[in-house]
Every structure is written in C-alpha cells, then in structure tokens.
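Tertiary structure, described
Chain by chain, the residues:
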Amino acid sequence: MALAAGILAAVLAPTLLYVGAKAISNSTAGKNALANVPPEQTFPATPTAMLATVNGANELTSVAVLVLAPNTDVAAGGYDQRGGSVVSVPINIDTGSGDQPESLHDAYALGGEDELRSDLESALNLTLDFAKVMTAEEFTAFLTGLPAIEATLPRDVLGSDDAALFGKGRIVLTAPQVAQVFTVNSPTEAEGLRQPDLEALWTGIATTIGTGRTDTTLGTTPPVTFDELATRLKAGPVASRGLVVRPLDAARNPGALDVVGLDRADTIMVFASIAPAAMTRPASGPSFRVEAPPGFDQQVRKTIATLLSSGDNVVSVDLNAVPTEETTLIIYDKSVAAAEPTQNSVFGTVKIETPNVRLGGVEETVQLGTTYLKGVDLSAPDATSTSLDQTGQTTP
C-alpha cells in the first residue's frame, strides 16, 4: 500500500504543481491588494562603517563613521561605488543608555566593540554595516599608500604626559604620526578641546585622497567587509566634517562630567543627506524627506528640529533641490493627502501633491520653498517637546 501511494504521488505531483502555478498566475488577489499603492523607489545603497581607535591601554581615543557614495555606474548596469564621506564623532557624546551620562568612551570600556557600535547606532539614528577598532599600527596601515598629510591644527596635540607632541598651525605628518595623534591622548585635556585636531586631520586625509587612489584593485560587487569598504572609500573623492554638540542639562549631568549631547537636528541633517538608506526610525510619527535649495542649511536644520519635536522621523535630506517660491507637501497616501489642509501650521500656505511613484520608507516629502525658508527665525530657540531624547534633554 505504501509503495502504491508513493507511485501515485510521484505521478500526480507534476500535475498538481502545474495546476497550482496556473491558479497563482491567473489570480487577481495580489494585484487587487496593491491596486492603490504606487510603485516604490528605494534609496541607493550607501554602506556604512564605524572606525574607532584605541591607545596602548585599549581605551577609546576616536570614532568616525565612514559612508560610501552611491553607485555611479547604475545606468551602465555595472558596479562602481567609491569615495564618500567621513564624519568624526566626539567620543564624549552622551549615549543616553542609562539614568546617568554615559559617553562612547564609557560604552567601549564597559562592553567593547559591540556595545560601542550599538550605542553609536542609537545616538546617530543610523544602521552600521561594518565596524573596526584599530590600534596605532592598524590605523597606520589604513593610511598606507597616501602621501604625507597636511593639516592645520587648531591646538597643540598633547601626549599621555601632557607634553606637546605637535604644535598648532600648519603641519605635515606621516601616516605613523597621524596615527599617533588619533591614538594618544592627554589624561587631563577635555575631549572638546582635542576633537578639533582630529577633525582637522580627517580633513587633511580627505584632501590627500583627492580624486581617489588608483593603485588598488576593486571588486565587482558591493563590499562585504570593513576592509573592502575602506578600500572603496579611498578610491574616490572624500568629504569630511564633524558634528555639532551641546552642553548637557544640569539635571542630566549634575557632576559636570566631560560629557556632551549631540545636536540632534544637525546630526540627522548630516546622515540623512549622505546615508538615507541606513537611517532608522525611532519615533512613532511619520517619516519625512526634506528638500531645499542650496544656501539654506541652517533653515533646514531648524525645520528638522521642528519635525523632531513633533515626534516625527527625518530619514532623507536634499540640500541641492531646485528653488521654488512655494512649499509643497508630497504625500504618498491619497486618503491622507485628501484631508491635508493647504494652510500648514509650520510651513504656511502649501501645495499638496500625490505622486505616481512612492519613495520607500517615506510617508511625506517636504519641498521647502524660498518664501518659507527666508522667513525662518534662526535666532529663535529650537522647538522642543516634553519627551526626552537620548541625551536626557528635551527633544530639540
């Protein structure tokens, strides 16, 4: 009986498979479910990585986020992702992971690379694809192949004995000397005083990379390791910048520890500009893309602060949009768009549009007009909410 059942199943299987396939292909259930949803356009992949350095005692001395530029050869059907951005992150920013201030330096001391990576992702609202913690020797190897690096140091670089390793001003350093600056720190100097020197050196490294190294071989697929991402980053033009920080509220930092809070609006503006595909959405409100013409960076930062204070997410920012006088709200849900008034409490008179293509992970796109942007009061305090952000302060 078992043999007969097996033979029968073997005979009927192809027939059943054909009938099932035809039923699925002829069904309109899936099409009906998506009938009113526009096709989706996704953000280009921009792989991200954390690069951290430590001193001889395995104490954290610097953190930077590397972001690859989008693929530049999509039209040709190939893969050519190179160059990108380096964002230097102060290691004394508050991670907001507890009742007391806890910096990235503390996070690494408590939980090593894993906790540092997790707390950094939370602080930046960013997913990191790769991470690496480097000693002085490993950071020197990271810089191998680059010429001597020129930079203008805002302050003297102090060593572990508080003696000046390098004087402030214009300087030319070899790769081991640059690594020494990144991995040796003074036990008495506040991180806020040391950070500008690190940012100046990252700017020097980016300038030295220029249009990109040509002495390396690149693969034909996206990077799957930190080293592959680093090689691609150095193979094209690199931009570099730091992040704006603010003092913590006294209630959050009663002991006046050497810990500061990130300016959330500035941080979101930076990473939503260069890595929208990697942005996370921790707030319960909708996710926005913000577009504005060049020359209005601070007005955009102020606008992002307002959106964040309302419990919204900002996942994409374009600071090179075509100028228009009026502000347009592009709302992808037609029912929401139909109920949206043309008099907006934040943007004033707006135009409402519903596009034929949906932007993945975004509920609304705000195209800021020059009439609104010119009216933004940059001297006014940032909008705040009653909730606390990861720095223990009211959400700016």
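Counting of residues starts from 1 at the beginning of each chain's written sequence and follows it residue by residue. pLDDT decides what is reported in this predicted model: residues at 70 or higher carry local features, side-chain atom pairs at 80 or more are listed and counted, and totals for whole chains, interfaces and linings draw on all residues regardless. Only hydrogens and water are set aside; all other atoms, that is, all heavy atoms of the structure, feed into the side-chain values.

Details of the overall build of the chain
Condition: Strands are runs of DSSP state E lasting at least two residues, helices are runs of H or I lasting at least four, and both sets are numbered from the N terminus onward. Classification of residues uses two cut-offs on accessible area relative to the type maximum, computed with a 1.4 Å probe and protein chains only: under 20% is buried, over 50% is exposed, and between them is partly exposed. The contact criterion used is simple: two residues touch if any of their non-hydrogen atoms lie within 4.5 Å. Each accessible area value is a Shrake-Rupley result obtained with a 1.4 Å probe; residue values ignore everything except the protein chains displayed when judging cover.
Scanning the chain from terminus to terminus reveals eleven helices and 19 strands. The buried share of the chain, reckoned over its 396 residues, is 45%. Considering only intrachain contacts with a sequence separation of at least 6, the fraction spanning at least 24 residues in the chain is 69%. Just so you have it, the chain exposes about 18900 Å², and 56% of that area is on carbon and sulfur atoms.

Digging into the sheet that holds strand β15 (residues 327-331)
Here is the rule we go by: Note: two strands are recorded as paired if DSSP finds a minimum of 2 bridges between them. In this analysis, axes come from line fits to C-alpha atoms, helices being fitted only over the stretch in contact, and the angle between any two N-to-C directions falls in the range 0 to 180 degrees.
Pairing in this open sheet of six strands is mixed, and the strands run β14-β13-β19-β15-β17-β16 from one edge to the other. Of all strands in the sheet, those with a lone pairing partner are β14 (313-318) and β16 (343-344), marking the two edges. Strand direction decides the pairing type here: β15 and strand β17 (residues 348-353), joined by four bridges, are parallel. When the sheet's bridge partners are listed, Thr328 is paired in β17 with Lys351. Sheet strands touched by helix α9 (residues 297-309): β13 (287-291) and β14. Its angle to β14, the strand with the most contacts, is close to 160°.

Looking at the side chain of Thr53
To be explicit about the condition: Distance and chemistry together define a polar contact, namely a pair of N or O atoms within 3.5 Å, with one atom able to donate a hydrogen and the other to accept it when in protein, and with adjacent residues in sequence counting only for side-chain atoms on both sides.
Here Thr53 shows up in strand β2 (residues 48-54). Note on Thr53: relative accessible area 0%, which makes it buried. A distance of 2.5 Å separates the side chain of Thr53 from the side chain of Ser62, its partner in a polar contact. Engagement of the side chain of Thr53 in a polar contact is seen with the backbone oxygen of Phe182, the distance being 3.1 Å. Those residues in contact with Thr53 that sit more than four places away from it in its chain are Glu59, Leu60, Thr61, Ser62, Met134, Phe139, Phe182 and Thr183.

Details of the packing of aromatic side chains
Quick note on the threshold: Here the aromatic set is Phe, Tyr and Trp, taking the six-membered ring for Trp, and pairing holds for ring centres within 6.5 Å; pairs whose planes are under 30 degrees apart are stacked, those over 60 apart are edge-to-face, and all others are tilted.
Scanning the entire structure with this criterion turns up six aromatic pairs. Between Phe139 and Trp202 the ring centres are 5.9 Å apart and the planes differ by 85°, which places this aromatic pair in the edge-to-face class. Separated by 63 residues along the polypeptide, Phe139 in helix α4 (residues 136-143) and Trp202 in helix α6 (residues 191-209) bring together distant segments of the chain. Considered together, Phe139 and Trp202 belong to a single accessibility category, that of buried residues. With a centroid separation of 5.5 Å and 70° between ring planes, the pair formed by Phe182 and Trp202 is classed as edge-to-face. Of this pair, Phe182 sits in helix α5 (residues 175-183) while Trp202 sits in helix α6; the two residues are 20 residues apart in sequence, bridging distant segments of the chain. Comparing Phe182 with Trp202, the two get one shared label, buried.

Brief notes about the side chain of Thr61
In this fold, Thr61 is placed in strand β3 (residues 60-68). With a relative accessible area of 0%, Thr61 lands in the buried category. Polar contacts involving the side chain of Thr61 include one to the main-chain carbonyl oxygen of Phe182, which spans 2.6 Å. Apart from the residues within four sequence positions on either side, Thr61 is in contact with Thr53, Val54, Asn55, Ile91, Phe182, Thr183, Asn185, Arg194 and Leu198.

What about the environment of Arg232?
Relative to the assigned elements, Arg232 resides in helix α7 (residues 226-233). On a C-alpha basis, the gap between Arg232 and Ala69 in space is 9.4 Å, while along the polypeptide they are 163 residues apart. Once residues within four sequence positions are removed from consideration, Arg232 is found in contact with Leu68, Tyr79, Asp80, Gln81, Arg82, Gly83, Leu218, Gly219, Thr220, Thr221 and Pro223. Side-chain polar atoms of Arg232 contact the backbone oxygen of Gly219, separated by 2.5 Å.

Section: unusual backbone geometry
In this model, Asn58 sits at a positive phi of 60°, which is unusual for a non-glycine residue. Within the secondary structure, Asn58 is located in the loop between β2 and β3. Under the relative-accessibility criterion, Asn58 is labelled partly exposed at 44%. At Asn125, a position not held by glycine, the phi torsion is positive, near 55°. Among the structural elements, Asn125 can be located in the loop between α3 (104-124) and β5 (130-134). The buried category is assigned to Asn125, whose relative accessible area is 9%.

So, the pairing of strand β6 (residues 149-153)
On β6, burial follows the alternation: Ile149, Ala151 and Leu153 on one face are buried, whereas Glu150 and Thr152 on the facing-out side are not. Relative to strand β9 (residues 169-173), β6 is paired through five bridges, and the arrangement is antiparallel. Within β9, the residue paired with Leu153 across the bridge is Gly169.

Brief notes about the confidence of the model for the chain
Convention followed: Confidence of the prediction at every residue is given by pLDDT, a number between 0 and 100.
Mean pLDDT for the chain: 87, with 86% of residues reaching 70 or above. Of the regions scoring below 50 in pLDDT, residues 386-396 engages in 43 contacts with residues more than four places distant in sequence or in other chains.

Focus on the pattern of salt bridges
Filter applied, for reference: Any carboxyl oxygen of Asp or Glu within 4 Å of a side-chain nitrogen of Lys or Arg constitutes a salt bridge here.
Per the counting criterion, the structure on display carries 16 salt bridges. Its salt-bridge partner being Lys132, residue Asp227 comes within 3.0 Å of it at the nearest N-O pair. In this pair, Asp227 sits in helix α7 while Lys132 sits in strand β5, placing the two residues 95 residues apart along the sequence. Close ionic contact of Asp263 with Arg246 constitutes a salt bridge, the shortest N to O distance being 2.5 Å. Note that Asp263 is positioned in the loop between β12 (260-262) and α8 (264-274) and Arg246 in strand β11 (residues 245-247), a separation of 17 residues in sequence. Owing to a relative accessible area of 39%, Arg246 belongs among the partly exposed residues under this scheme.

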